[in-house]
Amino acid sequence: MANGDEISNKRIIFRDYISGFPKESDMIPTTDTIKLKVPEGSNSVLLKNMYLSCDPYMRSRMTQSDSYVPAFTPGKPISGYAVSEVLDSGNPNFKKGDYVWGIVGWEQYSLIENPHPMALMKIDYTDVPLSYYTGVLGMPGMTAYVGFHVVASPKSGESVYVSAASGAVGQLVGQFAKLMGCYVVGSAGSKEKVDLLKNKFGFNDAFNYKEEPDLTATLKRYFPKGIDIYFENVGGKMLEAVLPNMALHGRISVCGMISQYNLEQPDGVHNLFLLITKRVRMEGFIVSDHYHLYPKFMEMMKQHFKEGKLVYVEDTVEGLESAPAALIGLFTGRNIGKQVVRVAHE
């Protein structure tokens with residue numbers, strides 16, 4: 001096949017804006033064609049997509065809302081973080097054969113016109129699986145780093161609580177905290193995930209929140225002296241239970257609120273007066289504001305990997321057509337670890 005020939009390109013198209021839980025039928029598999037060459041004289045990059053990332057924030061893009069990321073466009077492909085190989089390039093920053101990570105459409109091949117430096121990053125460090133750039137070395141890894149090391153300002157010996165702790169971000173926050181000499185407890189939604197937190201990720205303790213009738217009392221049991229840092233992934237009732245258990249001058253790093261994403265009417269949170277009485281700082285952050293720290297983050301991660309100090313768990317499904325079910329599975333806790341879709345083999 002000549003390089004400029006057209007080839008079929010499977011894609012997952014966003015059907016229309018939704019309310020409530022997403023369904024597989026909201027994402028439609030189609031087949032199109034694409035030329036395997038960038039347009040003459042253009043600044044474009046042609047990518048073969050290898051791994052797609054499923055992340056909870058993508059739910060907010062299915063609603064016509066003023067979120068921090070633009071909504072998906074009905075009739076156009078779903079898009080998200082991915083790892084890809086450069087097949088052709090008119091862009092001086094990328095050459096054929098490079099591996100990159102960044103935002104692409106959910107499709108086998110993507111033509112990226114005039115890629116923004118922060119939207120498509122070249123992969124230089126290849127001592128780990130390429131799929132790691134959808135997670136531990138990509139956006140979720142940066143999220144854990146920024147939320148814990150930058151926003152929460154941790155000190156050795158502090159008590160740290162992580163909700164949704166076995167997910168792509170939570171599993172890393174717990175390990176970063178342990179590496180700093182903190183006491184760490186995580187919560188997750190199944191026995192298997194709780195075992196993972198304790199036996200694989202090295203959390204000091206963990207519990208299944210679905211089995212706890214009184215979360216406030218549960219947290220009091222695990223943190224008799226209070227929580228210094230809460231890494232917030234859940235929101236709603238979980239946040240409400242955390243507030244009475246915060247220590248004086250505690251910090252709450254607000255990364256996400258997965259319990260709220262599919263609700264028509266978000267839960268109200270009581271106990272907010274405790275932010276005052278306990279002098280607690282609660283701060284939300286968006287990881288893309290901090291991508292200038294990526295080189296510093298990578299230096300730290302390379303060191304951890306070299307010394308064998310980090311464990312990372314992925315949940316990989318095969319084939320682009322599996323992507324809609326994998327994304328929806330995030331909201332029912334189906335995945336164990338970081339959810340990845342393998343579109344093509346290396």
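Further up the page is the structure itself.
Residues numbered from 1 in each chain as written. Predicted model: local features only at pLDDT ≥ 70, side-chain atom pairs only at ≥ 80, totals over all residues. Heavy atoms only, no water.

Engineer: Give a description of the overall build of the protein chain that names residues and reports values.
Structural biologist: Of regular secondary structure, the protein chain possesses eight helices and 15 strands. Taking 20 Å as the expected radius of gyration for a compact globule of 346 residues, we find that the protein chain reaches 21 Å, a close match to that expectation. The dimensions of the protein chain, computed from C-alpha atoms along their principal axes, are 70 × 45 × 35 Å. Within the protein chain, the fraction of its 346 residues that count as buried is 55%. Counting only contacts in the protein chain whose residues sit at least 6 apart along the sequence, the fraction spanning at least 24 positions is 69%. (Helix = DSSP H or I, 4+ residues; strand = E, 2+ residues; numbered from the N terminus. Rg over C-alpha atoms; globule rule 2.2 N^0.38 Å. Buried < 20%, exposed > 50% of the residue type's maximum accessible area, 1.4 Å probe, protein only. Contact = heavy atoms within 4.5 Å.)

Engineer: How would you sum up the pattern of salt bridges? Please name residues and give values.
Structural biologist: A full pass over the atoms with the stated rule returns 20 salt bridges. Here D26 makes a salt bridge to R15, at a shortest N to O gap of 3.1 Å. With a gap of eleven residues between them, D26 in the loop between β1 (6-14) and β2 (27-35) and R15 in the loop between β1 and β2 connect regions that are remote in the sequence. One salt bridge in this structure joins D88 and K37, with 3.7 Å as the shortest N-O distance. Here D88, found in strand β4 (residues 79-89), pairs with K37, found in the loop between β2 and β3 (45-53); they are 51 residues apart in sequence, far enough to count as distant. A single salt-bridge network, built from bridges that share partners, covers R11, D32 and E107. (Salt bridge = Lys/Arg side-chain N within 4 Å of Asp/Glu carboxyl O.)

Engineer: Quick one: what's the story with helix α4 (residues 215-222), residue by residue and with numbers?
Structural biologist: Since there are 3.6 residues in each turn of an α-helix, residues three or four apart along the chain are aligned in direction. Among all positions of α4, only L215, T218, L219 and Y222 are buried. Along the long axis of α4, the arc covered by the buried residues comes to 95°, so they all point the same way. In the core, the buried residues of α4 are packed alongside β8 (159-162), β9 (183-188), β10 (205-208), β11 (227-232) and α5 (236-242). Structurally, the start of α4 carries an N-cap: the backbone nitrogen of T216 is 3.2 Å from a side-chain oxygen of D214. (Arc of directions from axis to C-beta. Polar contact = N/O pair within 3.5 Å; in protein donor to acceptor, adjacent residues only side chain to side chain.)

Engineer: Pulling in residues and values, what's your account of the sheet that holds β11?
Structural biologist: The strand order across the open sheet built from six strands is β10-β9-β8-β11-β12-β13, with neighbouring strands paired in parallel fashion. Of all the strands in the sheet, just β10 and β13 (281-284) have a single pairing partner and so form its edges. The average undirected angle you get between the axes of adjacent strands in this sheet is 15°. Bridge count for β11 against strand β12 (residues 246-254) is five bridges, and the pairing is parallel. Bridge pairing in β12 places Y230 opposite I252. Contacting β8, β11, β12 and β13, helix α1 (residues 139-151) crosses the sheet at an angle of about 155° to β11. The strands touched by helix α2 (residues 170-179) within the sheet are β8, β9 and β11, with β8 carrying the most contacts at an inclination of about 170°. (Pairing = 2+ DSSP bridges. Axes fitted to C-alpha atoms, helices over the stretch in contact; angles between N-to-C directions.)

Engineer: Provide a residue-level description of the pairing of strand β15 (residues 338-342), including the pertinent values.
Structural biologist: Most of β15 sits out of view: four of its five residues are buried. As defined by bridge partners, β3 adjoins β15 across three bridges and the pair is classed as antiparallel. Residue pairing for β15: Y51 is matched across the bridge by R342. Traced from strand β14 (residues 314-318) through helix α8 (residues 323-329) to β15, the parallel crossover comes out right-handed. (Right-handed = clockwise from strand over helix to strand, strands pointing away.)

Engineer: Requested: an account of unusual backbone geometry, with residues and values cited.
Structural biologist: Located in the positive-phi region is S153, a residue other than glycine, with phi close to 40°. For S153, the location among the structural elements is in the loop between α1 and β8. Owing to a relative accessible area of 34%, S153 belongs among the partly exposed residues under this scheme. At H249, a position not held by glycine, the phi torsion is positive, near 60°. For H249, the position within the fold is in strand β12.

Engineer: Kindly report on the nonpolar core, identifying the contributing residues and their values.
Structural biologist: One finds W106, Y133 and L137 to be the most contacted residues of the largest nonpolar core, which totals 88 residues. The greatest single-element share of this core, amounting to seven residues, is contributed by α1. If sequence neighbours within four positions are ignored, Y133 has contacts with V83, W101, I123, Y125, V128, G138, Y294 and M298. In terms of nonpolar packing, the next biggest core, distinct from the first, is built from 19 residues, F207, V242, L243 and V280 among them. (Core = buried A, V, L, I, M, F, W, Y, C linked by side-chain atoms within 4.5 Å.)

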